[in-house]
Amino acid sequence: MIRKAILTAIMFMATMTMNAQKFALVDMDYIFKNIPAYERANEQLSQVSRKWQAEVDALSTEAQTMYKNYQNEVVFLSAEQKKARQDAIMEKEKQAAELKRKYFGPEGELFKKRTSLMSPIQEEVYNAVKDIADLRGYQLVLDRASDTGIIFGSPKIDISNEVLRKLGYSN
């Protein structure tokens, strides 16, 4: 009876081991920081973002200057002049807001540029991770850099360096 229970327990544990899923971790931040094309794309995005922000800031500054001048001169202006100045200030503020939306909005130029520069690199990394997962039989690969609540991940299951090697970037 005891022998039968022990044998059943051993068989149950063996079955559980065979069905155990394999997991791996990657650190996407680490991977991307070690891909020069990704770093170049990030720098290019930063440069274009600064350029576009300067354009938006210039329009906003111009609107602020127009408003300050208006405040200083308002007592000397006729009702028509006041209205014309107010309209001009509002138009300049509207231009600044439209330019900001054009560049930085959800469907703006920065989003489009980021997509065009980053998507091919991200796709390449994804394919490398998928290939390694298929080769090694991993059912799940988690990104330790994302906010997934991973408290500890053994370095033994981190495949970040393997992904970099597969992409041709040795470290």
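On a predicted model such as this, the values are computed, not experimentally measured, just so you know. (Residues numbered from 1 in each chain as written. Predicted model: local features only at pLDDT ≥ 70, side-chain atom pairs only at ≥ 80, totals over all residues. Heavy atoms only, no water.)

Asker: Would you take a moment to explain the confidence of the model for the protein for this structure?
Answerer: Atom-level detail of predicted coordinates should not be read off regions where pLDDT is low. Residues of the protein with pLDDT of at least 70 account for 82%, and the chain-wide mean is 85. Note on residues 11-19: pLDDT under 50 across the span, and zero contacts to partners over four residues away in sequence or across chains. (pLDDT = per-residue confidence, 0-100. Contact = heavy atoms within 4.5 Å.)

Asker: Can you help me understand the nonpolar core in this one?
Answerer: One recurring pattern in soluble globular proteins is that nonpolar side chains are buried together. Core analysis: the largest hydrophobic core is formed by 29 residues, its most contacted members being Val26, Ile31, Phe32, Ile35, Val125, Ile159 and Val163. At the level of secondary structure, the elements contributing two or more residues to this core comprise strand S1 (23-26), helix H2 (28-33), helix H3 (36-73), helix H4 (79-104), helix H5 (109-136) and helix H6 (160-167). Of the residues forming this core, the biggest block, eight residues, is contributed by H5. Residues in contact with isoleucine 35, not counting those within four places in the same chain, are Ile121, Val125, Leu164, Leu167 and Tyr169. (Core = buried A, V, L, I, M, F, W, Y, C linked by side-chain atoms within 4.5 Å. Buried < 20%, exposed > 50% of the residue type's maximum accessible area, 1.4 Å probe, protein only. Helix = DSSP H or I, 4+ residues; strand = E, 2+ residues; numbered from the N terminus.)

Asker: Looking at this structure, how should I read H5?
Answerer: In an α-helix there are 3.6 residues to a turn, and that puts residues three or four apart on one side. The end-to-end C-alpha distance of H5 is 40 Å, a good match for the 40 Å that 28 residues give at a rise of 1.5 Å each. Of all the bends in H5, the greatest reaches close to 40 degrees and is centred on methionine 118; the proline proline 120 follows between one and four positions later. Restricting attention to buried positions, one finds in H5 the residues Leu110, Met118, Ile121, Val125, Ala128, Val129, Ile132 and Ala133. Immediately beyond the C-terminal end of H5, within one or two residues, lies glycine 137, with a positive phi of roughly 80 degrees. (Expected span 1.5 Å × (residues − 1). Bend = angle between axes of the 7 residues up to and from the residue.)

Asker: Sorry if this is basic, but what is going on with the environment of tyrosine 70 here?
Answerer: Here tyrosine 70 is to be found in helix H3. Here tyrosine 70 falls in the buried class, since its relative accessible area comes to 10%. Between the C-alpha atom of tyrosine 70 and that of arginine 85, which follows or precedes it by 15 residues, the distance is 6.9 Å. The residues touching tyrosine 70, leaving out its near neighbours within four places in the chain, are Leu77, Lys82, Arg85, Gln86 and Ile89. A polar atom in the side chain of tyrosine 70 sits 2.6 Å from the side chain of glutamine 86. (Polar contact = N/O pair within 3.5 Å; in protein donor to acceptor, adjacent residues only side chain to side chain.)

Asker: I would appreciate a short explanation of the pattern of salt bridges in the present structure.
Answerer: Close approach of charged atoms allows side chains with opposite charge to pair. All chains considered together, the criterion is met by nine salt bridges. Two residues, lysine 112 and glutamate 109, come together in a salt bridge whose shortest N-O distance is 3.9 Å. With a gap of three residues between them, lysine 112 and glutamate 109 both fall in helix H5, about one helical turn apart. Of the residues examined, lysine 112 reaches a relative accessible area of 47% and is grouped as partly exposed. On the accessibility criterion, glutamate 109 (30% relative accessible area) is partly exposed. With a closest N to O distance of 3.1 Å, aspartate 134 and lysine 130 form a salt bridge. Of the two residues, aspartate 134 and lysine 130 are both situated in helix H5; the distance of four residues between them amounts to about one turn of the helix. A residue is classified by how much of its surface remains accessible, and lysine 130, at 39% relative accessible area, is partly exposed. (Salt bridge = Lys/Arg side-chain N within 4 Å of Asp/Glu carboxyl O.)

Asker: Looking at this model, I keep getting lost on the packing of aromatic side chains. Mind explaining?
Answerer: A ring pair, where both rings are aromatic, is described by two values, the distance of the centres and the angle of the planes. Applying the stated rule across the entire model yields four aromatic pairs. Relative to tyrosine 38, the ring of phenylalanine 32 has its centre 4.2 Å away and its plane inclined at 15 degrees; by these criteria the two rings are stacked. Judged by its relative accessible area of 10%, phenylalanine 32 is buried. Classification of tyrosine 38 as buried rests on a relative accessible area of 15%. By way of ring pairs, the aromatic residues Trp52, Tyr103 and Phe104 are connected into one cluster. (Phe/Tyr/Trp six-rings, centres within 6.5 Å; stacked < 30°, edge-to-face > 60°.)

Asker: How should H3 be read in this particular structure?
Answerer: Between its first and last C-alpha, H3 extends 55 Å over 38 residues, near the 56 Å set by a 1.5 Å rise per residue. Of all the residues in H3, the buried ones are Tyr38, Ala41, Leu45, Val48, Trp52, Val56, Leu59, Ala63 and Tyr70. On its buried side, H3 packs onto H2, H4 and H5.

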